[in-house]
Amino acid sequence: MISGRRGTGPATRPAKDAQDDAFGHGERGGEKRGPSLKARAVGYLSRREYARSELARKLAPHADDPAVLDALLDDLEREGWLSTRRFAESLVHRRAERQGAARIVQELRQHGVDESQIGELRDTLRATEYDRAVAVWNKRYGERPTDRAAYAKQARFLASRGFAHDVIRRVLGDDGED
């Protein structure tokens, strides 16, 4: 019998170990195969910056022992792969164009960034908050509110982005319409 496909019969396939999976990774004696914990961590960190707590959460399902995970995170910090300061600066850089200081600070706290680092970044963000709020407002609206409803809508929009109320009043040109 002649088949249309050559070299696919059982006699031509290489013998495969019964314990190997589809990728050639075997699980012998309960030993996990695949990337090591450090390889996974470096892979994540090569794509973007992570806070220590965030990286620990991502690696936890792959770690057998929490002590091993903590030791790995300590090693990564010592070797310069993991830096909460770099993570915080990266997050601020990504968010600052579209969000206010309050919202960015809240996100930094959620990721476990140290309060002293947050304080420094908050001061930097507040110094530029008015200009950033004007840019966000111009992109969305671009014209002053004509009535109280429009003022409230635009103010809610800027507040939801995390801009301070005094900045919102300056952007919207609070002429006593409250």
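Nothing here was measured: the structure is a model prediction, and the numbers come from that model.

## A short note on the UniProt feature "domain: RecX second three-helical" (unreviewed entry) in the chain
Part 1 of the argument: The positions that UniProt labels "domain: RecX second three-helical" (unreviewed entry) are, in the present scheme, residues 85–119.
Part 2 of the argument: As annotated, residues 85–119 has a helix share of 74% and a strand share of 0%, and its two end C-alpha atoms lie 12 Å apart.

## Let's talk about the pattern of salt bridges
Part 1 of the argument: Taken as a whole and assessed by the stated rule, the structure comprises nine salt bridges.
Part 2 of the argument: In this structure, Lys 38 and Glu 79 form a salt bridge, with 3.1 Å as the shortest nitrogen-oxygen distance. With Lys 38 in helix H1 (residues 37–47) and Glu 79 in helix H3 (residues 66–79), this residue pair connects regions lying 41 residues apart in the sequence.
Part 3 of the argument: Judged by its relative accessible area of 45%, Glu 79 is partly exposed.
Part 4 of the argument: In this structure, the salt-bridge partner of Glu 77 is Arg 52, at a minimum N-O distance of 2.9 Å. Note that Glu 77 is positioned in helix H3 and Arg 52 in helix H2 (residues 52–59), a separation of 25 residues in sequence.
Part 5 of the argument: Relative accessible area serves as the criterion here: at 33%, Glu 77 is assigned to the partly exposed category.
Part 6 of the argument: A residue is classified by how much of its surface remains accessible, and Arg 52, at 22% relative accessible area, is partly exposed.
Part 7 of the argument: Through salt bridges that share partners, Arg 52, Asp 74 and Glu 77 make up one connected network.

About the criteria used
- Residues numbered from 1 in each chain as written.
- Predicted model: local features only at pLDDT ≥ 70, side-chain atom pairs only at ≥ 80, totals over all residues.
- Heavy atoms only, no water.
- UniProt positions renumbered as here; feature names shortened; annotations may be inferred.
- Helix = DSSP H or I, 4+ residues; strand = E, 2+ residues; numbered from the N terminus.
- Salt bridge = Lys/Arg side-chain N within 4 Å of Asp/Glu carboxyl O.
- Buried < 20%, exposed > 50% of the residue type's maximum accessible area, 1.4 Å probe, protein only.

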